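Structure assessment
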Amino acid sequence: MPTDLSPKQLMTLTQWLSPAFPVGAFSYSHGLEFALQDGIDLESWLEDVLRHGAGWNDAILLRAAYSGQVDDADSLGRAMSPSAERLQETTLQGEAFCRTLRGAFQLEIEGLIYPVALGVAAAHREIPVAPVVTVYLHAFASNLVACAQRLSALGQTDAQAMIDRLGAVCAEVAAASEDCDLDDLGGSAWGADVASMQHETMGTRIFQT
């Protein structure tokens with residue numbers, strides 16, 4: 001499968017997964033806000049989420065949508081959301097992503113959760129799926145590290161060093177998902193799942209999830 005990007009494809013992918021792209025990712029902590037209050041080791045927690053939680057499943061969902069299994073990927077992605085807040089997170093980001101694609105890129109995509117919408121969009125623009133998965137995971141991890149910064153869990157230099165280390169994990173997860181299909185969905189990041197359920201009961205919070 002080709003992995004080389006043309007300059008235009010590279011710029012499009014970078015734009016879609018930039019923090020400036022209006023999907024509202026900055027407002028979702030994926031349960032991290034509660035988890036940090038509970039005293040987790042941040043980097044280990046993020047690596048587990050990437051390898052065994054939403055990172056792994058999103059990689060498979062994205063690939064399935066790219067290959068044309070859009071309805072199955074979207075319905076399974078929704079069904080496997082472990083909490084109402086996590087379903088809200090992927091649904092609302094997907095809606096925002098699709099809305100911007102329609103307005104700015106003339107791609108008629110709507111009603112899909114975030115990784116599925118990205119897979120469909122990348123297929124429309126013929127952007128090779130392998131780098132799409134890798135950059136998606138990197139953007140996901142980077143956003144959570146940024147959430148931790150806003151929660152005063154680490155400073156700027158430490159955050160960048162952590163993102164650099166997690167980049168290797170993103171690449172490994174993306175590569176491991178290459179030959180997977182929807183039957184390979186599943187995870188064991190129970191701490192992150194429980195944190196997403198408990199987030200809504202926090203007395204004071206700054207993130208939606």
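Residues numbered from 1 in each chain as written. Predicted model: local features only at pLDDT ≥ 70, side-chain atom pairs only at ≥ 80, totals over all residues. Heavy atoms only, no water.

1. Considering the overall build of the chain
- A count of helices and strands for the chain gives ten helices and zero strands.
- Along the chain, helices and strands appear, N-terminal first, in the series α-α-α-α-α-α-α-α-α-α.
- Its C-alpha radius of gyration of 16 Å places the chain within 12% of the 17 Å reference for a compact globule of 209 residues.
- Partitioning the intrachain contacts of the chain with sequence separation of at least 6 by distance along the chain shows that 77% fall at a separation of at least 24.
- Roughly 9,800 Å² of accessible area belongs to the chain as shown, and the carbon and sulfur atoms make up 51% of that amount. (Helix = DSSP H or I, 4+ residues; strand = E, 2+ residues; numbered from the N terminus. Rg over C-alpha atoms; globule rule 2.2 N^0.38 Å. Contact = heavy atoms within 4.5 Å. Areas by Shrake-Rupley, 256 points an atom, 1.4 Å probe, with all protein chains shown as cover.)

2. A look at unusual backbone geometry
- A positive phi is found at Gln106, a non-glycine position, where the angle reads about 55°.
- Examined against the element boundaries, Gln106 turns out to sit in the loop between helix H6 (84–105) and helix H7 (114–124).
- A positive phi angle, near 60°, is found at Ser152, a position not held by glycine.
- One can find Ser152 in the loop between helix H8 (129–150) and helix H9 (156–176).

3. Details of the nonpolar core
- Of all hydrophobic cores here, the largest spans 67 residues; its most connected members are Trp16, Phe97 and Leu101.
- It is H8 that contributes the most residues to this core, eleven residues altogether. (Core = buried A, V, L, I, M, F, W, Y, C linked by side-chain atoms within 4.5 Å. Buried < 20%, exposed > 50% of the residue type's maximum accessible area, 1.4 Å probe, protein only.)

4. Regarding the state of the cysteines
- Applying the stated rule across the entire model yields zero disulfides.
- Distance from the sulfur of Cys180, which forms no disulfide, to the nearest cysteine sulfur (Cys170) is 16 Å.
- Note on Cys180: relative accessible area 22%, which makes it partly exposed. (Disulfide = S-S within 2.5 Å.)

5. Overview of the packing of aromatic side chains
- This model, assessed by the stated rule, comprises six aromatic pairs.
- A centroid spacing of 6.0 Å and a plane angle of 85° characterise the contact between Trp16 and Phe97, whose relative ring orientation is edge-to-face. Taken together, the positions of Trp16 in helix H1 (residues 7–16) and Phe97 in helix H6 put the pair 81 residues apart, joining distant regions of the chain. An identical accessibility class is assigned to Trp16 and Phe97; each is buried. (Phe/Tyr/Trp six-rings, centres within 6.5 Å; stacked < 30°, edge-to-face > 60°.)

6. Thoughts on the side chain of Ser29
- Along the polypeptide, Ser29 turns up in the loop between H1 and helix H2 (32–37).
- Given the relative accessible area of 0%, Ser29 is considered buried.
- For Ser29, the contacting residues outside a window of four places in its chain are Leu144, Cys147, His199, Phe207 and Thr209.

7. Focus on the packing of helix H3 (residues 42–52) against H9
- Two elements in contact, H3 and H9, have axes whose closest approach is 10 Å; the angle formed by their N-to-C orientations is 20°. Put simply, H3 runs roughly parallel to H9. The interaxial crossing formed by H3 with H9 has right-handed handedness. Listed contacts from H9 to Leu42, Glu43, Leu46, Glu47, Leu50 and Arg51 of H3 are Met162, Arg165, Leu166, Val169, Cys170, Glu172 and Val173.
- Residues of the contact of H3 with H9, tallied by class, amount to eight nonpolar, no polar and five charged. (Axes fitted to C-alpha atoms, helices over the stretch in contact; angles between N-to-C directions. Parallel < 35°, antiparallel > 145°, perpendicular 65-115°, else oblique. Left-handed = near helix turned anticlockwise from the far one by under 90°. Nonpolar A, V, L, I, M, F, W, Y, C, P; charged D, E, K, R; others polar.)

8. Focus on H7
- Within H7, nine of the eleven residues are buried, leaving the element largely enclosed by the surrounding structure.
- Within the sequence span of H7, burial applies to Tyr114, Pro115, Val116, Ala117, Leu118, Gly119, Val120, Ala121 and Ala122.
- Summarising the contacts, the buried residues of H7 are in contact with H1, helix H4 (54–66), helix H5 (70–79), H6 and H8.
- Positive backbone phi, at 55°, marks Glu126, one or two positions downstream of H7.

9. Structural notes on H4
- The first and last C-alpha atoms of H4 sit 18 Å apart over 13 residues, in line with the 18 Å expected at 1.5 Å per residue.
- Among the 13 residues of H4, twelve are classified as buried, and the element is accordingly described as predominantly covered.
- For H4, the set of buried residues is Ala54, Gly55, Trp56, Asn57, Asp58, Ala59, Ile60, Leu61, Leu62, Arg63, Ala64 and Ala65.
- Looking at the buried residues of H4, the elements they touch are H3, H5, H6, H7, H8 and H9. (Expected span 1.5 Å × (residues − 1).)

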